[in-house]
Amino acid sequence: MRIEIKSASELSTFEKARQDCVVTSSLYAFLTGTKWASADWTVMVWEDEDLVTNVHIVERAARVGDQVVHLGGIGNVATKVEWRKRGYARQALKEAQDFLLEPLKVDFGLMIATEPMVPRYEKLGWKAVAKSMWIGQPDGRTKLNFPVLVLPVCMQEWPEGEIDICGLPW
Ligand SMILES: CC(C)(COP(=O)(O)OP(=O)(O)OC[C@H]1O[C@@H](n2cnc3c(N)ncnc32)[C@H](O)[C@@H]1OP(=O)(O)O)[C@@H](O)C(=O)NCCC(=O)NCCS
């Protein structure tokens, strides 16, 4: 097993093609009309030439109430069906979380999750802070109604107020 993190510009054609073979997050199936942000970085878990798990990272300046926060967005956590339940997603997330601290030094990680997934992420240090947030879409700002989870990285206290991620969701 090999884990690596690459920026979008570093990905080879082979790596991009392999990413297409990993099933995408269940949220994409729930929210078919939504336009999503592309990843700034991807965590890739490999078994030989097979990409078994990927996790996307998006860096974003967002707003919570009247405060600007530097976020490391985590999205598209997915493991190929035949490689599940071996700890790959957990390891990829751990790698992503470490990357949020060093080198990114974000204030918080942020992800949305379906309700059944929330306890899994809470075990890894994430906290549910809201049931919805504002997102940007091509036709304007809209509310996304899913549990919002945050991970304290360089800041500890999540600010009070409505969340606006100021762009496409991840
Ligand atoms: C959710 C998903 C990413 C999990 O991937 P995974 O690689 O199977 O995850 P892990 O192996 O790290 O953990 C899954 C479970 O296997 C268990 N597990 C880990 N290693 C294990 C092992 N060696 N033996 C038995 N079980 C093991 C974990 O404890 C975990 O249990 P839990 O579901 O009770 O928490 C995967 O099912 C998936 O791609 N689903 C579709 C996309 C999706 O829903 N993404 C999340 C959007 S919020």
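Our subject is the structure listed above.
Worth saying up front: this structure is predicted, and the values here are computed from it rather than measured. (Residues numbered from 1 in each chain as written. Predicted model: local features only at pLDDT ≥ 70, side-chain atom pairs only at ≥ 80, totals over all residues.)

Draft legend 1. Quick look at the environment of Ala-17. Mapping Ala-17 onto the fold places it in helix H1 (residues 13–21). Of the residues examined, Ala-17 has 11 C-beta atoms within 10 Å and is grouped as exposed. Placed 34 residues apart in sequence, Ala-17 and Leu-51 show a C-alpha to C-alpha distance of 9.7 Å. (Helix = DSSP H or I, 4+ residues; strand = E, 2+ residues; numbered from the N terminus. Buried ≥ 20, exposed ≤ 12 C-beta atoms within 10 Å, placed from the backbone.)

Draft legend 2. Expanded view of the site of the ligand. Near the ligand, the surroundings consist of 19 residues, among which Ser-26, Thr-79, Arg-84, Ala-89 and Arg-90 are the closest. Secondary-structure elements contributing two or more residues to the shell around the ligand are helix H2 (26–30), strand E4 (67–79) and helix H3 (88–101). Residues of the shell around the ligand, tallied by class, amount to 8 nonpolar, 6 polar and 5 charged. (Near = placed C-beta within 6 Å. Nonpolar A, V, L, I, M, F, W, Y, C, P; charged D, E, K, R; others polar.)

Draft legend 3. Just the pairing of strand E7 (residues 133–137), in detail. Bridging between E7 and strand E8 (residues 140–144) involves 5 bridges; their strand directions are antiparallel. From the neighbouring strand, Met-133 faces E8, where its bridge partner is Leu-144. If you look at the hairpin formed by E7 and E8, you'll find 2 residues sitting between the two strands. (Pairing = 2+ DSSP bridges.)

Draft legend 4. Spatial organisation of the nonpolar core. Val-55, Ile-57, Ala-92, Ala-96, Phe-108 and Val-150 are the most contacted members of the largest nonpolar core, which totals 45 residues. Listed by contribution, the elements that provide at least two residues to this core are strand E2 (41–47), strand E3 (50–64), E4, H3, strand E5 (108–112), E7 and strand E9 (148–152). Ranked by residue count, the leading element in this core is E3, at 7 residues. (Core = buried A, V, L, I, M, F, W, Y, C linked by C-beta atoms within 7 Å.)

Draft legend 5. Highlighting unusual backbone geometry. The omega angle of the peptide bond from Glu-102 to Pro-103 is 20°, so this bond is cis rather than trans. Along the chain, the position of Pro-103 falls in the loop between H3 and E5. A positive phi angle is found at Lys-85, which is not glycine, with a value near 65°. With respect to the helices, strands and loops of the structure, Lys-85 is situated in the loop between E4 and H3. Assessed through the 7 C-beta atoms surrounding it within 10 Å, Lys-85 is described here as exposed.

Draft legend 6. Just the pairing of E5, in detail. The element E5 is extensively covered by neighbouring structure, given that 5 of its 5 residues are classed as buried. Here E5 shows no split at all, with Phe-108, Leu-110 and Ile-112 on one side and Gly-109 and Met-111 on the other all buried. As judged from the 3 bridges shared by E4 and E5, these two strands associate in the parallel manner. Its bridge partner being in E5, Gly-72 is matched across the sheet by Gly-109. Both E5 and E9 contribute to a ladder of 5 bridges, which runs antiparallel.

Draft legend 7. Here's a closer look at the environment of Leu-71. In this structure, Leu-71 sits in strand E4. For Leu-71 and Ala-61, which are 10 residues apart along the polypeptide, the C-alpha to C-alpha distance reads 6.1 Å. With residues near it in sequence (within four places) discarded, Leu-71 still touches Arg-60, Ala-62, Val-106, Asp-107, Phe-108 and Leu-110. (Contact = placed C-beta atoms within 7 Å.)

Draft legend 8. Local environment of the environment of Val-64. Within the secondary structure layout, Val-64 lies in strand E3. Each C-alpha atom of the pair Val-64 and Ala-92 lies 27 Å from the other, and the pair is 28 residues apart in sequence. Leaving out residues up to four positions away in the same chain, Val-64 has contacts with Val-69, Pro-159, Gly-161 and Ile-163.

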